[in-house]
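Here is what each chain is made of, one letter per residue.
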Amino acid sequence: MLVWLMVIPMLLKVDLAALGQVKSHWRGIMTTVGINWLVKPFSMALLGWLFIGVVFRPYLPAPMIDGYISGLILLAAAPCTAMVFVWSNLVEGEPHFTLSQVALNDAIMIVAFAPLVALLLGISAITVPWDTLILSVVLYILIPVVLAQLWRRGLLGNGGQAALDRTLRTLAPMSQSALLLTLVLLFGLQGAQIMRQPLVIAMLVVPILIQVYFNAGLAYVLNRQLGVAWCVAGPSALIGASNFFELAVATAIALFGFQSGAALSTVVGVLVEVPVMLSVVAIVRWSRGWYERGQAA
């Protein structure tokens, strides 16, 4: 229920009719989709195996290693949908691009999230209960998307955009409170591990940081090479790098339990997400002159 309270207000902002605008920004869309679904999950699986499974293995509790890697994979397997609107606004992003990209990612996520997670966990030799994974997709993606779209349609049909805006303003504090309460619960259950093993937290942060900056940079440079406008490249880089951490947390708990290594990894992802993404926002804004000079050339 807390995940629904977090996600549904954000999904109310998404107009699936915006899928019709995909062709208007096809180069930016293709770049972001490629990063989100063909690069980021696999690069995170590789980084998780390299750092958690090899480099840091001697310093980590052996029974938790598979769980840590699983949590990292879950973090990277779904692109962000909620905070993307915030990041896009901070880089003066093209709103129609952001909206159509989020709508497309939501549609892809419904069918691709479960097979992708199962594939990557299978490659990592981690057993995944398919029934629980599919149930997670239904509970945390499909149902929220359907409910949000039905609600959105009802609001627009009865009161227009003004009714939708009023509802979003009313729900915003509820969504934030649900996120905070979820974090309190998770930290309450994971607090002993966090306080007892701060070095573990630091080691989990390393692959998360690398994948965020790598994927943001790759999306940004590819857009520049393709001649995409800066107002599209900015949100493209941010969508390419950010994670749907609400879904990752919920799925980790459903698959592995509240006190699992997977749940701890996703909590670390939540801790890292906001400050790191704000640094990406700063880099994108600072580099605008460089980006646009490349376009002119």
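Nothing here was measured: the structure is a model prediction, and the numbers come from that model.

1. Remarks on the pattern of salt bridges
Item 1. What the rule picks out here adds up to three salt bridges.
Item 2. Glu92 serves as the salt-bridge partner of Arg288, at 3.6 Å between the closest nitrogen and oxygen. In this pair, Arg288 sits in helix 11 (residues 288-296) while Glu92 sits in the loop between helix 4 (84-90) and helix 5 (95-123), placing the two residues 196 residues apart along the sequence.
Item 3. Under the relative-accessibility criterion, Arg288 is labelled partly exposed at 33%.

2. Observations regarding the nonpolar core
Item 1. Counting 91 residues, the largest nonpolar core has Ile52, Leu60, Tyr68, Met109, Phe113, Ile208 and Leu247 as its most contacted members.
Item 2. Take this core: its biggest share by element is 13 residues, from helix 5.
Item 3. Core analysis: the second largest hydrophobic core is formed by five residues, Leu155, Leu164, Leu168 and Leu171 among them.

3. With respect to the packing of aromatic side chains
Item 1. This model, assessed by the stated rule, comprises three aromatic pairs.
Item 2. Chaining the aromatic ring pairs together yields one cluster made of Tyr220, Trp290 and Tyr291.
Item 3. Over the ring of Trp290 we find Arg224; its NZ or CZ atom is 3.8 Å from the centre of that ring.

4. Observations regarding helix 1 (residues 2-11)
Item 1. Burial analysis of helix 1 places seven of its 10 residues in the buried class, the great majority of the element.
Item 2. Taken together, the buried positions of helix 1 are occupied by Val3, Met6, Val7, Ile8, Pro9, Met10 and Leu11.

5. Topic: the side chain of Ser70
Item 1. Here Ser70 shows up in helix 3 (residues 65-76).
Item 2. Polar contacts involving the side chain of Ser70 include one to the main-chain carbonyl oxygen of Asp66, which spans 2.8 Å.

6. A closer look at a nonpolar patch on the surface
Item 1. The grouping of Trp130, Ile134, Val138, Leu142, Val146 and Leu150 at the surface amounts to a nonpolar patch, some 510 Å² of accessible area in total.
Item 2. With respect to the helices and strands, Leu150 occurs in helix 6 (residues 130-196).

7. Quick word on the packing of helix 2 (residues 26-55) against helix 8 (residues 230-241)
Item 1. Contact geometry for helix 2 and helix 8: axes closest at 9 Å, N-to-C directions at 15°. One finds that helix 2 runs roughly parallel with respect to helix 8. As for how helix 2 packs across helix 8, the hand of that crossing is right-handed. Of the residues in helix 8, those touching helix 2 at Gly28, Thr31, Thr32, Ile35, Asn36 and Lys40 are Val232, Ser236, Ile239, Gly240 and Ala241.
Item 2. Looking at the contact of helix 2 with helix 8, its residues break down into four nonpolar, six polar and one charged.

So, how was this worked out
Residues numbered from 1 in each chain as written. Predicted model: local features only at pLDDT ≥ 70, side-chain atom pairs only at ≥ 80, totals over all residues. Heavy atoms only, no water. Salt bridge = Lys/Arg side-chain N within 4 Å of Asp/Glu carboxyl O. Helix = DSSP H or I, 4+ residues; strand = E, 2+ residues; numbered from the N terminus. Buried < 20%, exposed > 50% of the residue type's maximum accessible area, 1.4 Å probe, protein only. Core = buried A, V, L, I, M, F, W, Y, C linked by side-chain atoms within 4.5 Å. Phe/Tyr/Trp six-rings, centres within 6.5 Å; stacked < 30°, edge-to-face > 60°. Lys NZ or Arg CZ within 6 Å of the ring centre and 35° of its normal. Polar contact = N/O pair within 3.5 Å; in protein donor to acceptor, adjacent residues only side chain to side chain. Patch = residues over 30% accessible without salt bridge, like charges linked within 9 Å, V, L, I, M, F, W, Y side chains within 5 Å. Areas by Shrake-Rupley, 256 points an atom, 1.4 Å probe, with all protein chains shown as cover. Axes fitted to C-alpha atoms, helices over the stretch in contact; angles between N-to-C directions. Parallel < 35°, antiparallel > 145°, perpendicular 65-115°, else oblique. Left-handed = near helix turned anticlockwise from the far one by under 90°. Contact = heavy atoms within 4.5 Å. Nonpolar A, V, L, I, M, F, W, Y, C, P; charged D, E, K, R; others polar.

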